[in-house]
Amino acid sequence: MKKRELETRLIHGFFDRKSQHGSLTHPLYQTSTFVFDSAEQGEARFAGEEDGYMYSRLGNPTTAEFEKKMADLEEGEEGVAFASGMGAVSAVLMHLLKTGDHVLVSEGVYGCTFGFLEMANEKFQIDFDLMQMDSGEAIQHMIRPETKVIYVETPINPTMKLVDLEMVIRTAKKNNLKVVVDNTFCSPYLQQPLKMGADYVIHSATKYISGHGDVIAGAAVGPAEEMQKIRMTTQKDVGAVLGPFDAWLLLRGLKTLAVRMDRHCDNAKIIFEKLKKHSRIHNIIYPGDPDFSGHLLAGRQMNNYGGLISFEVEGGKKAAQRFMNGLKVVQTAVSLGDAESLIQHPATMTHSVVPEEQRKKMGITDSLVRLSVGLESPEDIWEDIEQSLEKTFAEEKV
Ligand SMILES: *Cc1c(COP(=O)(O)O)cnc(C)c1O
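Remember, predicted model here, so these are calculated numbers, not experimental data. (Residues numbered from 1 in each chain as written. Predicted model: local features only at pLDDT ≥ 70, side-chain atom pairs only at ≥ 80, totals over all residues. Heavy atoms only, no water.)

1. A short note on the domain arrangement of the protein chain
Selection criterion: Note that domain bounds follow an automatic or database assignment of domains. Any pair of residues with heavy atoms lying within 4.5 Å of one another is described as a contacting pair. Accessible area that two parts lose when put together, with a 1.4 Å probe and added across both, is what the buried area reports.
For the protein chain, the assigned domains are domain 1 (6-254) and domain 2 (258-397). Averaged C-alpha coordinates put domain 1 and domain 2 at centres separated by 28 Å. Facing 34 residues of domain 1, the contacting portion of domain 2 comprises 35 residues. With both sides pooled, the region where domain 1 packs onto domain 2 buries about 2,800 Å², and carbon together with sulfur makes up 61% of that total.

Structure below.
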């Protein structure tokens, strides 16, 4: 049978409707444990001789449905769900690395991923280097005998710098290294790293996968044998397990991923065009901008340009904050990928722990704000931005 298109696979699940009273939607098994028919059955399940659920930290049918869906969407062998994106990041890295190993990391990775690597370095002597992954030669130069993993985020937050996944994967394969990609910013609708040859994909499902700002969740997809090991070690024994209700909300959110992503991308394009014409807005960073350094690469490895735009508001931190405070439709909050447009100030929020000098080097100035363009009418989003800019600079004159 022909593999159904992603839009269809997002909606239809794997569970058997007949055995679930014909329920249209996936059932919610809000239970911590599962009753055995007999002591012998419990013994057989724990011995791995019989399939079946035992305890929801080890597996739950609703969570399993979400895991299957994530694996299917990323076109990987097996998915594991986590209590947060960081649960997924830490579980995969802990599985792949041990004391003495080294990992290469694309510069600008998510702050808590950096925090985890620092902790792993301090406590377990796992070494890492942050680097601009601009060429195969640059990466090759940083590879040591102890290097085991290349960890990539693309596009990078909030500077939208893209990393050429094909190039990274080619270099990694040559050196027998595993490639892990944090695909949060794109979702499988815009980018599918496993299809390009990456080994593991990680998501903060809190963002576009959920899409409704009501869940903290994570997922990882990779080779079945390895994901099974993760499930039984850095998942089960460390314990960042996703709850069944959160999995249920994610399955609900996923049904509309395609239509949501299309609208996020369309709205972002409209807002970008408007921002470009505004005299008080500078250095707009958006992969859909033909002048953006990563524009051609985005066209190659992404299906569209995403819903995020970073830009500078003239006048530094005070002006940026006045602008944010004047917004009414757009909400000031970290996170992204929700129906609501969200704006944040990286220098004092998501990247406040990054030393100022490095922040500047990355292009995160005090004037920079990051907008996650939501699903509202683009006219309303723009009117909101415009009225707040007007107020911001009217106040300046008095
Ligand atoms: C939010 C985010 C994370 C962490 O996910 P949580 O669900 O907040 O734990 C990791 N990577 C990226 C790119 C993110 O945006």
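Structure's up, so let's keep going.
2. What about the sheet that holds strand β4 (residues 147-153)?
Threshold: Strand pairing requires that DSSP identify at least two bridges connecting the strands. Only DSSP runs of H or I covering at least 4 residues are called helices, and only runs of E covering at least 2 are called strands; the numbering of each starts at the N terminus. Geometry is summarised by axes, namely lines fitted to C-alpha atoms with helices restricted to the contacting stretch, and by angles between N-to-C directions that run from 0 to 180 degrees.
Spatially, β1-β7-β6-β5-β4-β2-β3 is the arrangement adopted by the seven strands of the open sheet, whose pairing is mixed. Both outer strands of the open sheet, β1 (78-82) and β3 (127-131), are each paired with one neighbouring strand and no more. Put simply, the sheet's adjacent strands are angled 20° from each other on average, direction ignored. One ladder, built from five bridges, connects β4 with strand β5 (residues 178-182); its direction is parallel. Bridge assignment links Val-152 to a residue of β5, and that residue is Val-181. Most of the contacts of helix α4 (residues 85-96) go to strand β6 (residues 200-204), to which it runs at about 155°, and overall it touches β1, β4, β5, β6 and β7 (218-222). Along the sheet face, helix α5 (residues 111-124) touches β2 (102-106), β3 and β4 and points at about 145° away from the line of β3.

3. Let's talk about α5
Definition in use: Take the number of residues in a helix, subtract one, and multiply by 1.5 Å to get its expected span.
For α5, built from 14 residues, the straight-helix expectation of 20 Å at 1.5 Å per residue is met to within 8% by its first-to-last C-alpha distance of 19 Å. In this structure, the buried residues of α5 make contact with α4, β2, β3 and β4. One or two residues past the end of α5 sits Gln-125, with phi positive at roughly 50°.

4. Things to note about the nonpolar core
Selection rule: For our purposes a nonpolar core is just a set of buried Ala, Val, Leu, Ile, Met, Phe, Trp, Tyr and Cys residues, chained together by side-chain atoms within 4.5 Å. Accessible area is worked out with a 1.4 Å probe on protein chains only. A residue is then buried under 20% of its type maximum, exposed over 50%, and partly exposed in between.
Membership of the largest hydrophobic core comes to 61 residues, with the highest contact counts inside it found for Phe-66, Met-133, Ile-139, Ile-150, Val-168, Leu-250 and Leu-254. In terms of domain composition, this core takes at least three residues from each of domain 1 (6-254) and domain 2 (258-397). Not counting the four nearest positions on each side in its chain, Leu-254 is found in contact with Leu-10, Phe-66, Lys-69, Met-70, Leu-73, Ile-209 and Arg-260.

5. Quick word on the packing of aromatic side chains
Convention followed: Put simply, two rings from Phe, Tyr or Trp (the six-membered ring, in Trp's case) pair if the centres are within 6.5 Å, and we call them stacked under 30 degrees between planes, edge-to-face over 60, tilted for the rest.
Across all of its chains, the model carries six aromatic pairs by this definition. Both rings, one in Phe-114 and one in Phe-128, keep their centres 5.9 Å apart while their planes meet at 85°; by these two values the pair is edge-to-face. Taken together, the positions of Phe-114 in helix α5 and Phe-128 in strand β3 put the pair 14 residues apart, joining distant regions of the chain. Judged by relative accessible area, which is 27%, Phe-114 ranks as partly exposed. What makes Phe-128 buried here is its relative accessible area of 14%. Summarising the aromatic geometry, the rings of Phe-272 and Tyr-286 are spaced 4.9 Å apart at their centres and angled 35° between planes, so their arrangement reads as tilted. Of this pair, Phe-272 sits in helix α11 (residues 257-276) while Tyr-286 sits in the loop between β8 (281-285) and α12 (295-301), and the two are 14 residues apart along the sequence. Each member of the pair Phe-272 and Tyr-286 is classed as buried.

6. Considering the UniProt feature "modified residue: N6-(pyridoxal phosphate)lysine" (unreviewed entry) in the protein chain
We count it as follows: UniProt positions are given in the numbering used here, feature names are shortened, and annotations may be inferred rather than shown by experiment.
Under the UniProt annotation, "modified residue: N6-(pyridoxal phosphate)lysine" (unreviewed entry) lies at Lys-207. Judged by its relative accessible area of 10%, Lys-207 falls in the buried class. With sequence-adjacent residues up to four places away left out, Lys-207 is seen in contact with Thr-184, Ser-335, Leu-336 and Gly-337.

7. Remarks on a negative patch on the surface
Condition: Here the term patch refers to residues with relative accessible area over 30% and no salt bridge, with like charges joined within 9 Å and nonpolar side chains (Val, Leu, Ile, Met, Phe, Trp, Tyr) within 5 Å. Only the protein chains shown count as cover for residues, with accessible areas throughout obtained via the Shrake-Rupley method and a probe of 1.4 Å. We count a salt bridge whenever a side-chain nitrogen from Lys or Arg sits within 4 Å of a carboxyl oxygen from Asp or Glu. Counted charges follow a simple rule, with Lys and Arg positive, Asp and Glu negative, and His plus the chain ends left uncounted. Charge positions come from single atoms, namely NZ of Lys, CZ of Arg, CG of Asp or CD of Glu.
There is a patch of like negative charges on the surface, built from Glu-379, Asp-380, Glu-383, Glu-386 and Glu-390. Here Glu-390 lies in helix α15 (residues 378-397).

8. Notes on the pairing of β3
Threshold: Orient the strands so they point away from the viewer; a crossover is then right-handed if the path from the first strand over the helix to the second runs clockwise.
Note that β2 and β3 share five bridges and pair parallel. What sits directly across from Leu-104, in β3, is Asp-129. Crossover handedness for the path β2 to α5 to β3: right-handed.

9. Describing the packing of α4 against α5
Applied cut-off: Here a crossing is called left-handed whenever its near helix is offset anticlockwise from the far helix by less than a right angle, and right-handed whenever the offset is clockwise. Residue polarity follows a fixed list, in which Ala, Val, Leu, Ile, Met, Phe, Trp, Tyr, Cys and Pro are nonpolar, Asp, Glu, Lys and Arg are charged, and the others, Gly among them, are polar.
Closest axis-to-axis distance for the α4/α5 pair is 10 Å, and the angle between their directions is 35°. Crossing of α4 against α5: the hand is right-handed. On α5, the residues touching Met-86, Val-89, Ser-90, Leu-93 and Met-94 of α4 are Cys-112, Thr-113, Phe-116 and Leu-117. Looking at side-chain class alone, the contact of α4 with α5 contains seven nonpolar, two polar and no charged residues.

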